[in-house]
Structures are given as C-alpha cells and as structure tokens.
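Overview (structure and organization)
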Amino acid sequence: MKILVCISKSPDTTAKIAFTDNNTKFDANGVQWIINPYDEWFALVRAIELKEADPTTVIHLVTVGGVDVEPIIRKALALGGDEAARVNVDSQDSFYIASQIAEVAKQGAYDIIFTGKETIDYNGSSIGGMVAELLDLPYVALATHFELKGTTAIITREIEGGEEIAEVALPVTVSCQKGMAEARIPNMRGIMAARSKPMKVIEPIAADTLTSIVDFGLPLVKAGVKLVPADHVEELVRLLHEEAKAI
Amino acid sequence: MSVLVFIDTAEGHVKKASLEVLSYGAKVAEQLGTTVEGVVLGTVSEDLAALGKYGVRKIHHVKDGALDHLDAQVYAGVIAQVVNASGASLIIFSNNVDGKAIAPRLSVRLKAGLVSGAVALPDTSNGCVVKKNVFSGKAFANIAVKTEIKIISLSPNAYKIIAGEGTAEVVPFTATVGTPKVKVTSVVKASGEVPLTEAEIVVSAGRGLKGPENWGMVEELAKVLHAALACSRPVADAHWRPHNEHVGQTGIAIAPNLYIAIGISGAIQHLAGVNRSKVIVVINKDPEAPFFKAADYGIVGDAFEIIPKFTEAVKKLKGMV
C-alpha cells in the first residue's frame, strides 16, 4: 500500500492577520507557521494509523513551497511519514499547486492520496478534487472515516445533516476532516528519526495559473456588544425580534 | 455567455443552498446582461419548473439514475457536457459538501478558474473579480479569474434567497454518463433536525454547561427557535456532543443569521468558524470572556438560569404559550 499525503503550511491558528504592500501580500512578520491542521491531524495521522495496521504501507509526503516549508515537513516526518518531496515554488493558485502535486503523484503510483479538507489560510478546498481530476481518479471530499477492506476503501463523508458511506476501489483521492483520526504530537524518537528521512527537492513543471489575488482586506469591526441584564432576558428576545430581526 | 447554475439535490429534493445560488446566478446574469440556466442531475421528486421564481428560465435535467448519488468524477463529466452544449461562460455552485467535490474537478476539466467560497456578487466591471473569505473568516480577498470560462462557488448563507414570479422550462438533457466508481452503500440522516450548515439560527454551547446531562435545556431552546445545535471543540473532544456539531476553525464553519453562544469563551479558533454569522449573541458568566468583543448582544450571567427564561420568552413571542 502506498499513500501520498499532501501537506501545506499555514499560519498558526492564533496568528495576527495583517497585510503589506498595499494589501496585496500577507504580512508574515512574526507569524508562527504550522502544518495545516487538516493535513496534520486528519490526513497524515490517518495514514500513520493505516501503516500501523499494515507495516508494509509506505507513506510519502508532498508539499509545494519554498525552503521555509522544510521545518513544517520535518515535523510531519517526525509524526510518521517515510519520506518527503518538496516542489520548490511558491504559488497561491490552486490549479498551479494541484498540477505540481499531480506530477509527483504520477511518478509514485499511489493507492491513496490524502489531503486536508482545506487550508486554514486560503480556505479553497480545491486541491484534492483538482489532483483527482488531473489523475483521472475518483474523489471523496470531506471524509470523516476511512477504512480499508483489501483494495476497497470504505469512506464516510459529511452531507447536510448526516453522513454518506461509499465503497471505492483503490486508487482514490480523499480530503479529510474531523473524525478521520485524533491529533497526535511527535515524540522524541520520531523527531530524531525525521532528521535522517529523505527529503527530495523537485523543480516545478510548467503549469498555468487560472486565478490571481488582487488584494486583501480585513472585515469591519463590530460596533460593540449591547449588554442586557441577566434578569431581563425577555428584553434580549425583543431586541432580537424587533431590532436585529433575527427571530 | 450565459450563466449556468448547478442545482444540488438530496434524495430528490432541491437543497436550500440551491435556491441561494439560483438567486445569486439570476443577479449575476442581470449584471452581465445575459440569462441564467440551471442543471439538475438524477431523479427529482419536485416540480423543477417552479424554480423559475428564483430567476432561472431554462433547466437542463439529466435524469439518469446513475446520478442519484454523487460521484464527483461522473458529475463533473456530465456538467461539462451541459456547459459545452449551452455555451455557458460562468458556472455557479454552492460551496457546500457537493460543490466542494465537483467544482474543483470541473475547473480542471474546463480549464476554468475557480473561486471557492464567494461571499458577494462578482465585480464584472473589468474582468471578473470575486470576493471570498480567507484566513478562516479573519480576512477577505478579491480574486481575479483569468480564464474565459469561470467558476464561482458561493458560500452557504452568504446570499439571500430572492423569490419572484415565473416558471422555468425544464428540458431533458441526454448526456454520456460514466460509471460511478464511488458506490454509495448507505445514507445516515439525523431526521427531523435542522442541518447545521443550512440553519438560519444556531444554538451552540460550550464547557460552561458543565456536562452532557445539561444539554436538555439547550435542545429545548433550539427547538423553539427552530435552530440547529452546535458546540465548541472541548465539548466535542470530551464526547459530550458528536463531532458533527463542532463549529470552529477545525470543525465546521457556519454563517447563520443568528448564532447564540452559551458558555463558550470565544477562543480565536472558535471565532474563526462562526465569525460570518450575521448576529451573534453571547451568554457567559465571565464578563471578560473574549467572545463579548465579537458579539452584537450579550448577557453576563448564569446560563442555567438564563436559558429556561430565554426559551419561555421565545415561546411567548411566538404565541406558543
């Protein structure tokens, strides 16, 4: 069994969001970078669990980004991947990134490709579907469970107000979210082992970009909270009905 | 040049999210001086012609039973055929569970730039620039789509449903339908409850409730408000409530009209999942809870006393007592 896990970096969940260069660039000054939580907690950890159940499983990691992504990939390797590839280019266009990942995936003939359901910076939820289309593979988005029965995957995905369970013959591409696995932290043995795990650097292939970021902005700040005394709950209900027109 | 809207269904019924994208699509079409058409896949038990009141004039219906369950690969293939036949240059999805699976595939298939999670009408004065949320709602970005065919997926609850008059012409569309590789074996639905991502009102509770045995009064409030239930991450992690109720940065992101947070402090990760709610009410005994800074209305006090009173006041308002 060969699994490819797509890893992206993202700003720490508590990072202050600001922009520079006339609001055209994210201000990375002082920002702590982490493995995108969906990639780490759900995609990568589920892959590690599958390897624990079948030790012949091989896990490769792929990321698209500059040299500054390497600490993130090392941390992912400390959790449990076997080797990593970094496509040496920065891009904000999903199609361009997906094209790079698909190229790496083609070389590896993977049975399973896992991505997180989205990155917490651009919130695109697009890479998994694009990679699947580029490789002509089936795709299940927003998976909450993933089991293997021989070479068939049994995948549960979120639907409105419930879940849907499907069987898919491998190979398959899956985007992962909460429910797939429980978050782990790397242990010292994993951190030591990660230092000697192979990390390939690959130059990007030529690919188009279909979109570009014009600029960023911050949401309007709320006017301030209107407090209602605890013994006047009916006043809150009146405000919600008459003023906010929310009920 | 026309606009094509993907009308998403579940078990033969048109989803609320589809009415939002139809309303949005009609407005975009008006902006571009063109018409809006729709596409529906699989068996439908509703009168599709009635969707005309949301502005759509023509609906392409591919009735093949192989389309009754989603296989994004098969769906993208069929929608691409409808795009080619209708000459649409802008395709609109809801950025819901199905849109997230299909739109990226269609983007690759048609080499059409995709903006996922749009929160406003596109600016078409000079090309096509679409506003979307980024950094989990902590910021927004304007994205230019550079390709001739464009795809927008609209955030659920970001655009109001506009109903008017009219009926749509429903035209059967014969497409080459691939064999699904994703074989759906079962669908588990929590019946009778309001789906969280589609809910207008969400009642959410956190650690302040002290234990799962205290959720009865939260459920009661949700019931009288016809609201969906949600919870904070510690509550889901402690298995007080199921994971599918967890809203926040790593749970589900929602944007209801009204979000009522009870006993939730409002950590930045929680706010990231709910900050697109139009009105936020916070009930917390700690006046320093950070959530009050993001709230429109608040009560500082004991949830155990406030919630039953809240429920009673809503019942009174609705003439239920």
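Just so you know, these numbers come straight off a predicted model, no measurement behind them. (Residues numbered from 1 in each chain as written. Chains lettered and ligands numbered in written order. Predicted model: local features only at pLDDT ≥ 70, side-chain atom pairs only at ≥ 80, totals over all residues. Heavy atoms only, no water.)

This part covers the packing of helix α2 (residues 72-86) of chain B against helix α3 (residues 99-110) of chain B. All names here are of chain B. One way to put it is that α2 packs onto α3 with a least axis distance of 9 Å and a crossing angle of 55°. With respect to α3, the axis of α2 lies oblique. Relative to α3, the crossing made by α2 is right-handed. Here α2 contributes Ala72, Gln73, Tyr75, Ala76, Gly77, Ile79, Ala80, Val83 and Asn84 to the contact with α3, which in turn contributes Ala101, Ile102, Arg105, Leu106, Arg109 and Leu110. Considering only residue class, the contact of α2 with α3 consists of ten nonpolar, three polar and two charged. (Axes fitted to C-alpha atoms, helices over the stretch in contact; angles between N-to-C directions. Helix = DSSP H or I, 4+ residues; strand = E, 2+ residues; numbered from the N terminus. Parallel < 35°, antiparallel > 145°, perpendicular 65-115°, else oblique. Left-handed = near helix turned anticlockwise from the far one by under 90°. Contact = heavy atoms within 4.5 Å. Nonpolar A, V, L, I, M, F, W, Y, C, P; charged D, E, K, R; others polar.)

A separate point is the sheet that holds strand β15 (residues 226-227) of chain A. Within the open sheet, the six strands sit side by side as β15(A)-β17(B)-β16(B)-β15(B)-β13(B)-β14(B). Their pairing is parallel. Looking at strand neighbours, the two that pair on one side only are β15 of chain A together with β14 (228-231) of chain B, the edges of this open sheet. Sheet topology places strand β13 (residues 201-205) of chain B next to β14 of chain B; four bridges connect them, and they run parallel. Within β14 of chain B, the position partnered with Val202 of chain B by the bridge is Ala228 of chain B. Relative to the sheet, helix α6 (residues 233-243) of chain A contacts β15 of chain A together with β15 (258-262), β16 (279-284) and β17 (297-300) of chain B, its axis offset from that of β17 of chain B by approximately 175°. (Pairing = 2+ DSSP bridges.)

Turning next to the interface of chain A and chain B. At the junction of the two partners, chain A supplies 80 residues and chain B supplies 83 residues. Overall, the association of chain A and chain B removes approximately 7,000 Å² of surface from exposure, summing both partners, and the carbon and sulfur fraction of that is 60%. Interface area lost by chain A to chain B is led by Glu133, Glu160 and Lys178 of chain A, which between them contribute 11%. Summed over the shared surface of chain A and chain B, the result is seven salt bridges. Note that Lys178 of chain A is salt-bridged to Asp237 of chain B, the shortest N-O span being 3.2 Å. Applying the counting rule to chain A against chain B returns 38 residue pairs in polar contact (both at pLDDT 80 or more). When residues of the side of chain A that touches chain B are traced back to their parent elements, those giving at least two are α1 (37-53), α4 (127-135), β9 (139-149), β10 (152-159), β11 (162-169), β14 (211-217), β15 and α6 of chain A. Residue classes in the side of chain A that touches chain B are distributed as 45 nonpolar, 15 polar and 20 charged. In the sheet, β15 of chain A pairs with β17 of chain B via two bridges, with the strands oriented parallel. (Buried area = accessible area lost by both parts, 1.4 Å probe. Salt bridge = Lys/Arg side-chain N within 4 Å of Asp/Glu carboxyl O. Polar contact = N/O pair within 3.5 Å; in protein donor to acceptor, adjacent residues only side chain to side chain.)

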